[in-house]
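Examination of the molecular architecture
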Amino acid sequence: MDISFPGFCRPARRSAGSKAGALRAALRKLALGGALLLLSWSAPLPASAGGAEAAALRRESLLVISQTGRHRFEVEIADTPAARATGLMHRTALADDQGMLFDFKQEKEVFFWMKNTLIPLDMLFVEASGRIAHIAREATPLSEELVPSRAEVRFVLEVKGGLAARLGIVPGDVLQSDTIKGSD
């Protein structure tokens, strides 16, 4: 996930005449930045917001083809920065046949975390071709530990924690959907 905070890494500009004024300006900037970070990362969504966000996302059927069979999911497509940043945060349940497909529009190494995510998830890291490169199983709810893709991927499929093992889904299996077919 690409996160940047313009202006927070540069030293504050100082005029030669006022070190105290420069210090006050820098402290104001830090206080404002800290407040914005707290609001954007820590503030709980209203109870209806998770549902409203989910309703706004495009949905499609997705098929996982594995040695144990063909497994169908109805997935929400997170293909904008805002949708990818929110993901499945604040959700209290996820059905066995539901998930979220993150589309990064290009292959790159990605990192996820579980901050504000209330349910355990399996994260399937998927190449542009649809091939599963890596699976992070049962990611811990509310954890801020980074979960790496361990490969360059274009997609990440999040499903209910433990489901990949229960269905026998492993790296090398293939995903198919309208979004993945159209990615080449």
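Residues numbered from 1 in each chain as written. Predicted model: local features only at pLDDT ≥ 70, side-chain atom pairs only at ≥ 80, totals over all residues. Heavy atoms only, no water.

**Things to note about the overall build of the chain**
- Secondary structure summary: the chain contains five helices and nine strands in total.
- Taking all 184 residues of the chain together, 40% fall into the buried category.
- For the chain, contacts bridging at least 24 residues in sequence account for 71% of all contacts bridging at least 6.
- Carbon and sulfur atoms provide 56% of the accessible area of the chain, an area that totals close to 10,500 Å². (Helix = DSSP H or I, 4+ residues; strand = E, 2+ residues; numbered from the N terminus. Buried < 20%, exposed > 50% of the residue type's maximum accessible area, 1.4 Å probe, protein only. Contact = heavy atoms within 4.5 Å. Areas by Shrake-Rupley, 256 points an atom, 1.4 Å probe, with all protein chains shown as cover.)

**Quick notes on the environment of I180**
- In this fold, I180 is placed in helix 5 (residues 178-181).
- On the basis of relative accessibility, which here comes to 3%, the residue I180 falls in the buried class.
- Each C-alpha atom of the pair I180 and A128 lies 6.9 Å from the other, and the pair is 52 residues apart in sequence.
- In this view, I180 contacts L62, L101, A128, S129, G130, F155 and L175; residues no more than four positions away in its chain are not counted.

**Observations concerning the sheet that holds strand 5 (residues 121-126)**
- An order of 6-5-8-3-2-1-9 is seen for the seven strands of this open sheet, with the pairing classed as mixed. Edge positions in the sheet fall to strand 6 (132-139) and strand 9 (174-177), since each has one partner strand and no second. The sheet shows a mean angle of 30 degrees between the axes of neighbouring strands, direction not considered.
- Two strands pair when backbone bridges link them, and strand 1 (residues 59-66) and strand 2 (residues 69-78) are joined in this way by eight bridges, in the antiparallel orientation. Counted as the bridge partner of L62 is F73 from strand 2. (Pairing = 2+ DSSP bridges. Axes fitted to C-alpha atoms, helices over the stretch in contact; angles between N-to-C directions.)

**Considerations on the pattern of salt bridges**
- Overall, the coordinates contain ten salt bridges when judged by the stated rule.
- The salt bridge involving E60 is made with R58; its shortest N-O contact spans 3.0 Å.
- Looking at R58, the relative accessible area reads 41%, which means it is partly exposed.
- Of the charged contacts in the structure, one is a salt bridge between R166 and D96, with a shortest N-O distance of 3.7 Å. Note that R166 is positioned in helix 4 (residues 163-167) and D96 in the loop between helix 3 (81-86) and strand 3 (98-108), a separation of 70 residues in sequence.
- Look at R166 and you get exposed, because its relative accessible area is 53%.
- Shared partners join several salt bridges into a network, and the residues in it are R58, E60, D79, D103, K105 and R154. (Salt bridge = Lys/Arg side-chain N within 4 Å of Asp/Glu carboxyl O.)

**Some details on the confidence of the model for the chain**
- In this model, the chain carries a mean pLDDT of 80, and residues with pLDDT of at least 70 account for 68%.
- With pLDDT under 50 throughout, residues 1-17 is counted as low confidence; its partners more than four residues away or in other chains account for 15 contacts.
- Within the model, the stretch residues 30-53 combines pLDDT values under 50 with 15 contacts to residues more than four positions away or in other chains. (pLDDT = per-residue confidence, 0-100.)

**Focus: the packing of aromatic side chains**
- For the structure on display, the rule yields three aromatic pairs.
- Measuring from ring centre to ring centre gives 4.9 Å for F102 and F112, while their planes differ by 85 degrees; the resulting arrangement is edge-to-face. Of this pair, F102 sits in strand 3 while F112 sits in strand 4 (residues 111-112); the two residues are ten residues apart in sequence, bridging distant segments of the chain.
- Residue classification places F112 among the buried positions, given a relative accessible area of 3%. (Phe/Tyr/Trp six-rings, centres within 6.5 Å; stacked < 30°, edge-to-face > 60°.)

**Focus: the pairing of strand 8 (residues 153-160)**
- Buried residues dominate strand 8, accounting for seven of its eight residues.
- As judged from the six bridges shared by strand 3 and strand 8, these two strands associate in the antiparallel manner. Each bridged residue has a counterpart across the sheet, and for G99 the counterpart in strand 8 is V159.
- With six bridges joining them, strand 5 and strand 8 adopt antiparallel strand pairing.

**Let's talk about the pairing of strand 1**
- Linking strand 1 to strand 2, which pair antiparallel, is a turn of two residues.
- Here four bridges tie strand 1 to strand 9, and the two strands are oriented antiparallel to one another. Bridge pairing in strand 9 places V64 opposite L175.

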